[in-house]
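Notes for the structure review
The primary structure of each chain is shown beneath.
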Amino acid sequence: MQTFLAKTRQAGPLARYIGGRLLSGLFTIWFIATATFFVMHWVPGDPLSDEKAVSAEIRQNLEARYGLDKPLPQQYWIYITSMLKGDFGISYTQKNRSVNDIIAEHFPVSAMLGALAIVFATLGGIVWGAIAARFRNRWPDAVIMFAVILTVSVPSFVFAALSQHLIIKLNQATGVSVLPVAGWGGLRHMLVPALVLGLGTMAYLTRLMRASTLEVGSADYIKTARSKGLSSLQVFLHHELRNAVLPLITVLGPAIAAITTGGFVVELIFTIPGLGRYFVTAVQQLDYTVIMGTTVFYGAFLVLMVLLVDIVYGLVDPRIRLQGRADA
Amino acid sequence: MPEDTLLEVSGLGVDIPTHGGYVHAVRGIDFTLRPGTTMALVGESGCGKSVSVQAMVGLLATPGLRLSGSVLFQQRDLLQLEQGQLNRIRGARIGMVFQDPLSAFNPTRTIGSQIAETLRIHKGMSKADGLVEARRLLDECRLSEPTKRVAQYPFELSGGMLQRAMIAMALACGPELLIADEPTTALDVTTQDQILWLLQQLQQTRGMAILLITHDLAVVARMADEVAVMYAGQLVEKAGVERLFAAPAHPYTRALLRATPHGEMITDQPLETIPGSPPDLFAPPQGCGFYPRCSEAMRICRQRMPEILPAGDAAVSRCWLQHPDYLAARGAGND
Amino acid sequence: MLSPVIPREYFEPLGRQQSEELITRPSLSYWQHVWLRFRKNRMALAALGVALALVLFAVIGPWLWPVDPAAQNIGSRSLGPTWSRSAEVVAWRPWRADSASWQAALSGTGIDIAVVEANTEYVRLLWKPVPKATRYAVYRNDQPELARDSPGLPLEDIAADAMPMLEDRLDLRERDYRYSIIAYDGRGDELQRYQIGLRPALAISLIDGQLQGLVPLELDSRQAQGLGVTLPAHPLGTDHLGRDILARLMHGGRISLFIGVAAPLLYVMFGALYGGVAAYFGGRFDDVMMRVADFVVALPFLLFMILFRVLFNIQPGESGITAMLVAMIVLGWPSTARLVRGQVLQLKEQAFVNAARILGGRPFYIIMTHMLPNVMGVLLVSLTFAIPSAIFTEAFLSFIGLGVAPPAPSWGSMCNDGIRTMLSHPHELLFPAIAISLTVLAFNLLGDALRDAFDIRLREGVGNA
Ligand SMILES: Nc1ncnc2c1ncn2[C@@H]1O[C@H](COP(=O)(O)OP(=O)(O)OP(=O)(O)O)[C@@H](O)[C@H]1O
Ligand code: SF4
Ligand SMILES: [Mg+2]
């Protein structure tokens, strides 16, 4: 492992690959920001010039912040440069609250919940997928795959509502508060929401892990390993499992995106004060500046996460380093 | 079993279950291999060469697989052994080399660690000792810069280099039998030549027997002491190498030889195909499998399966042309 | 061994030609193979059946069950599944019980508490005054069989100088209740506790009856009082506004399935064209086109969903089906484009396409006649997998208020409504959730089966919102 880590440091194809990805990521973020800007300005009844919805005080703030009295190109310039400085603007409905404040306050909550969900999903996916593959076409496989298909067929909000219902019933039955029904606090508050949030991704990863384990299982090098006299358990642990887990890393990027989106729903149902819930509220109230700031933030976050995941994969899988951009 | 027999295969049959029913991939293989000698298994693609050798060492793992016959290796029937006993033989007493060295190595582990793994499980070596020994083995297999190779990944080596490493790995524990399944098919001509030469050298110094699968008659001529020709899952002819090239008994062998350039053996010439195609192994014909393509086919060939019959000079052939009744009938006809 | 000698004629040589007849298994066409494999899969056939049934449910259901999905009915809110029932029309008039009437009801009977009337429009109780009591607290236990000891919901506090009677009109159902009346003295000590159990008779108010067309409009309250009517059936119950859930599921299914099928159909078609063209021309053109596809993949869906809503000037609380479709199509095509590109690149290697090109076929013609049939399998499979993901997307968007908004029903918006009343009336969430899950399940299984039948390997995206 150390040897190829060392080797990647001598800027090779991987460095160029990462550079290229970084560039296209930045371009994507810029595009998102620009699209947001123009749509917000060119809609009929420009939200930023619609007087009736906004109090005079906020109005003044907005004008100062966005330079609304200036011509459009200048406004765009102000917008982009402040974004570059990491300033995402101010709220349209809440006095004196900047989007940065909102993100700083609520994003850590979402991030914590999301991270725990990813951990659940990945561990669960690997374990269940490996079990299913190992018992291919026998009953554990059938049970797991049935659970998977059921899980991916039920919308996450149904799971959220259901689990909340179950917690209430559990608390009623035991007479004590075994788990909190909603809200935010310690790990106890995160447990069920994170599990629900990770469930869909876990099912997906289980399926992927199973397929990838089976694929690895039919690879020539597994035959080689068996021809060397390794027991089937040794083959499984030292050759199959290891190689089967690798492809899972490639889908962690989309998985993070799915969990971020899923977070909106879960935070809403469990009344968790995360950025997702705040975002949905902003969307429902058409708090344009919060929508603009938060979406650009989300966009940048996701682009960076996907990039990060790709880089990690490049580092972990020695095959990728030299290949550069692999086609799907 | 005679003392000087390393491997004796008799009546080996393999039926592989698929969605559409059983593929009768191997339908009766018999041969013996003496220590330190080379037996070549030849036949066109899909005739069951790989399936038979993999079945011999228990590498076929499809659930529902049906095996028949016996494979005596050092007096023990490999088909009857328990998994643990078999594992102690595989890699230690029998080494295997496969066709495509790049896919035969685990792409995410270094060459050294994969060779050392064999040494660790059979000889109980430590990881460090295993790597030292791996380096020595790579050197023995004439791989350049063995110290560096030990720490490299498969994709960093060329096909020829990998095949050397593969041979080193197969020979790590000093096996009595090396099974090489088309070890040179995926390589270019010069590299093929080097690998074959290496195998010959190693056989001289180590004295192991080689079961060499190939469909290249040039390779056969160069390497083998004995040749077994397979067609549609059956052994159709077995003979010493000189006898086979000089006087092939089976029409299929003759067709094979006709499709190969004469005189100077030119190794890069691909084997031409014989018109027609082999029978469907889902429902093998009741008569001779070669019947539809055979220029000497007779009425009986279609209805009855010929048996393995002596064809002179210790050779055997599965063809009605060798049947005593045929010979008698022809003799009478000539009168 | 063959003991008898084989006759000579068996060894007659045959010419090559004579052995020609020996051709093995009949060869099937590609599509026949696919169909054969598909048909063998029982699960696939079941899934196909369920999918068709769901489509029929939404398409012809509203004819078979012609109930207005938007008709609200305050009188029958959040009903569980019910068949048609007979009820009595009651016309409520203020209750003025004089001392004479309760004297008549209670005097000499030894009974402390009496039910004057009990129907689902109102329950009227009377009780014997407790001496020295300053006030009466009235409670109603809605689940007497579960919580035996609890007095239940506090209904009213009645001063002792008023008439000792109670009229309850709070969300009455046709089920058992237990009323408790607790008398307190001036210091707040309990003096006496009366309890009575009752089960209100099913009734409908005159106004509701007339609104629903069950009672002729010309009848006045006196004439209508006590009239027997038949209340409509709600096989799946009603929602929190008294709307029939079955009718809403059918109409909602039209919207959900329309979005679920239309969006994937359009973006799979576009993606196929895009990927096909990119691969066909190849080279730098292909590079650029695939760059664009990679770029689109990286765009966050929700942001563009919002942007399209803003662009189409859809206000919060309005349905944005067009915006939803546009967003799904604009952002959905790249995965299909990649798949088809991969297939076409493979096909391009094959001789027959080259042959067509050498013979001078025009690119478009070649794509249509040679390549399209070969990528049909991939297209069909990706379409089948795209449908559940689109249905999920609709549900998710409606759930967070960016999709279909009331009063138009969609399965997603019905779930959104249902979640609010989930704890008290789970059926309002359950039925639309089942509809979504069943559809998604059916199409997922179908996709799996088709993939196996076509023997295609796909890289699916993580599509579960
Ligand atoms: N896992 C399997 N499932 C079904 N059929 C199989 C399987 N493995 C092999 N076969 C069939 O068994 C027959 C023999 O295959 P085998 O790989 O032994 O051929 P081969 O002689 O080694 O050919 P080649 O020269 O191409 O390596 C083929 O007809 C093949 O279709
Ligand atoms: S048995 Fe008959 S068909 Fe078969 S090879 Fe011999 S002659 Fe030809
Ligand atoms: Mg083979």
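In this convention, every chain numbers its residues from 1, walking through the sequence in written order. Whichever chain is written first is A, and whichever ligand is written first is 1; the rest continue in order. Since the coordinates come from a predicted model, pLDDT governs what is reported: local features require at least 70, and pairs of side-chain atoms require 80 or more to be given and counted, while whole-chain, interface and lining totals use all residues. Remark: hydrogens and water are excluded; side-chain values derive from all non-hydrogen atoms of the structure.

Thoughts on the site of ligand 2
- Here, proximity means that at least one heavy atom of the residue falls within 4 Å of the molecule or strand. Close to ligand 2 lie B:H250, B:P251, B:C288, B:F290, B:Y291, B:C294, B:E296, B:C301, B:P306, B:C319, B:W320 and B:L321, which account for all nearby residues.
- Polarity classes work like this: nonpolar for Ala, Val, Leu, Ile, Met, Phe, Trp, Tyr, Cys and Pro, charged for Asp, Glu, Lys and Arg, and polar for all others, with Gly in that last group. For the shell around ligand 2, the residue count by class is 10 nonpolar, 1 polar and 1 charged.

Some words on helix α9 (residues 301-311) of chain C
All names here are of chain C.
- Summary of the burial criterion: residues with accessible area below 20% of their type's maximum are buried, those above 50% are exposed, and those between are partly exposed, where the area comes from a 1.4 Å probe applied to protein chains only. Helix and strand assignments follow DSSP, with helices taken as H or I runs no shorter than four residues and strands as E runs no shorter than two, numbered in order from the N terminus. Extensive coverage of α9 is indicated by the burial of 9 of its 11 residues.
- For α9, the complete set of buried residues consists of L302, L303, F304, M305, I306, L307, F308, R309 and V310.
- N313 occupies a position one or two residues after α9 and carries a positive phi of about 55 degrees.

Structural notes on the sheet that holds strand β10 (residues 228-231) of chain C
All names here are of chain C.
- Only strands joined by at least two bridges in the DSSP assignment are considered to pair. In spatial order, the strands read β9-β1-β10; together these 3 strands make up an open sheet with mixed pairing. The sheet is open, and its two borders are formed by β9 (203-205) and β10, each paired with just one other strand. Adjacent strand axes in the sheet meet at a mean angle of 50 degrees when their direction is disregarded.
- Sheet topology note: the strand β1 (residues 85-90)/β10 ladder contains 4 bridges and is antiparallel. The residue bridging A87 from the neighbouring strand is V229, located in β10. All axes here are fitted lines through C-alpha atoms, helices being fitted over the stretch that makes contact, and every angle between N-to-C directions spans 0 to 180 degrees.

Considerations on the interface of chain C and chain A
- Should any heavy atoms of two residues lie within 4.5 Å, those residues are considered in contact. Facing 46 residues of chain C, the contacting portion of chain A comprises 51 residues.
- Overall, the association of chain C and chain A removes approximately 4,200 Å² of surface from exposure, summing both partners, and the carbon and sulfur fraction of that is 74%.
- With a closest N to O distance of 3.4 Å, C:D448 and A:R207 form a salt bridge.
- We call two N or O atoms a polar contact when they sit within 3.5 Å, provided that within protein one can donate a hydrogen and the other can accept it, with sequence-adjacent residues counted only if both atoms are side-chain atoms. Inspection of the chain C/chain A interface yields 3 residue pairs in polar contact (both at pLDDT 80 or more).
- Every element with two or more residues in the side of chain C that touches chain A is listed here: α8 (283-297), α9, α11 (334-349), α13 (363-399), α14 (411-420) and α15 (427-454) of chain C. Buried area counts how much accessible surface, traced with a 1.4 Å probe, disappears from two parts once they are put together, with both parts' losses summed. A side-chain nitrogen of Lys or Arg and a carboxyl oxygen of Asp or Glu constitute a salt bridge if their distance falls within 4 Å.

Structural notes on the environment of C:V5
Residue and element names in this part refer to chain C.
- For V5, the location among the structural elements is in the segment before α1 (30-40).
- Relative accessible area serves as the criterion here: at 62%, V5 is assigned to the exposed category.
- The spacing of V5 and M43 is 38 residues in sequence and 57 Å in space, taken between C-alpha atoms.

Regarding the confidence of the model for chain B
- How sure the predictor is of each residue is captured by pLDDT, a score from 0 to 100. On average, residues of chain B carry a pLDDT of 87, and 94% of them reach 70 or more.
- When pLDDT is averaged over each element of chain B, strand β4 (residues 38-42) of chain B comes out on top at 95 and helix α13 (residues 324-334) of chain B at the bottom at 72.

So, the packing of helix α11 (residues 252-269) of chain A against helix α13 (residues 288-316) of chain A
All names here are of chain A.
- Where α11 contacts α13, the axes come no closer than 8 Å and their chain directions differ by 150 degrees. The angle between α11 and α13 places the two elements in the roughly antiparallel class. Viewed along their axes, α11 and α13 form a crossing whose handedness is right-handed. Across the interface between the two elements, L252, G253, I256, A257, T260 and F264 from α11 touch Y298, F301, L302, M305, V306 and V309 from α13.
- Grouping the constituent residues of the contact of α11 with α13 by class yields 10 nonpolar, 2 polar and no charged. The labels follow the angle: roughly parallel below 35 degrees, roughly antiparallel above 145, roughly perpendicular from 65 to 115, and oblique for the rest. By convention, the crossing between two helices is left-handed when the near helix turns anticlockwise from the far helix through less than a right angle, and right-handed when the turn is clockwise.

Here's the deal with the sheet that holds strand β7 (residues 177-184) of chain C
All names here are of chain C.
- With antiparallel pairing, 4 strands are arranged side by side in an open sheet as β5-β4-β7-β8. Looking at strand neighbours, the two that pair on one side only are β5 (153-159) and β8 (190-198), the edges of this open sheet. Taking each pair of neighbouring strands and ignoring which way they run, the sheet shows an average axis angle of 20 degrees.
- Relative to β8, β7 runs antiparallel, the two sharing 8 bridges. Bridged to Y177 within β8 is L198.

Some details on the confidence of the model for chain C
Residue and element names in this part refer to chain C.
- On average, residues of chain C carry a pLDDT of 78, and 85% of them reach 70 or more.
- The spread of mean pLDDT over the elements of chain C runs between helix α12 (residues 351-358), the lowest at 64, and helix α10 (residues 321-332), the highest at 89.
- This stretch, residues 17-26, has a pLDDT under 50; its non-local contacts, to residues over four places away or in other chains, come to 8 contacts.
- Here residues 458-465 is modelled with pLDDT under 50, and outside its nearest four sequence neighbours on either side it reaches 25 contacts, counting other chains as well.
- Taken over the whole predicted complex, pTM reads 0.76, whereas the ipTM for its chain interfaces reads 0.88.

Considering a nonpolar patch on the surface
All names here are of chain C.
- Excluding any residue in a salt bridge, patches collect residues exceeding 30% relative accessible area, merging like charges within 9 Å and nonpolar Val, Leu, Ile, Met, Phe, Trp and Tyr side chains within 5 Å. Calculation of accessible area relied on Shrake-Rupley with a 1.4 Å probe; when residues are assessed, cover is drawn exclusively from the protein chains displayed. The grouping of V55, L56, V59, I60, W63 and L64 at the surface amounts to a nonpolar patch, some 610 Å² of accessible area in total.
- Among the elements of the structure, α2 (42-59) and α3 (61-64) are those that each provide at least two residues to the nonpolar patch.
- Among the elements that take part in the nonpolar patch, α2 stands out by supplying 3 residues, more than any other.
- For I60, the position within the fold is in the loop between α2 and α3.
- Overall, I60 belongs to the partly exposed group, its relative accessible area being 35%.

Here we look at helix α8 (residues 187-217) of chain A
- Taking 1.5 Å per residue as the helical rise, α8(A) with its 31 residues ought to reach 45 Å, whereas the 38 Å between its terminal C-alpha atoms falls clearly short.
- Note on bend: the value at a residue is the angle between axes fitted to the seven residues ending there and to the seven starting there. The largest bend in α8(A) comes to about 45 degrees, at A:L199. Take the number of residues in a helix, subtract one, and multiply by 1.5 Å to get its expected span.

Some details on the packing of aromatic side chains
- The criterion for an aromatic pair is that two Phe, Tyr or Trp rings (for Trp, the six-membered ring) have centres within 6.5 Å, with stacked assigned to planes under 30 degrees apart, edge-to-face to planes over 60 apart and tilted to the rest. The full count for this structure, using the stated rule, is 25 aromatic pairs over all chains.
- Measuring from centroid to centroid gives 5.0 Å for A:F37 and A:Y79, while their planes differ by 40 degrees, and the two rings are tilted. In this pair, A:F37 is assigned in helix α2 (residues 13-42) and A:Y79 in helix α4 (residues 72-84), connecting sequence segments 42 residues apart.
- With relative accessibility at 2%, the residue A:F37 sits in the buried group.
- Residues A:F279 and A:Y298 carry aromatic rings whose centres are separated by 5.6 Å and whose planes lie at 80 degrees to one another, so their mutual orientation is edge-to-face. Taken as a pair, A:F279 in helix α12 (residues 275-285) and A:Y298 in helix α13 lie far apart in primary sequence, 19 residues in all.
- Linked through ring pairs, A:F107, A:F264, A:F279, A:F297, A:Y298 and A:F301 together constitute an aromatic cluster.
- When the NZ atom of lysine or the CZ atom of arginine is within 6 Å of a ring's centre and also within 35 degrees of its normal, the charge is said to sit over that ring. The ring of B:Y22 has B:R66 lying over it, and the distance from NZ or CZ to the ring centre is 3.7 Å.
- The side chain of C:R124 reaches across the aromatic face of C:Y122, ending 4.1 Å from its centre.

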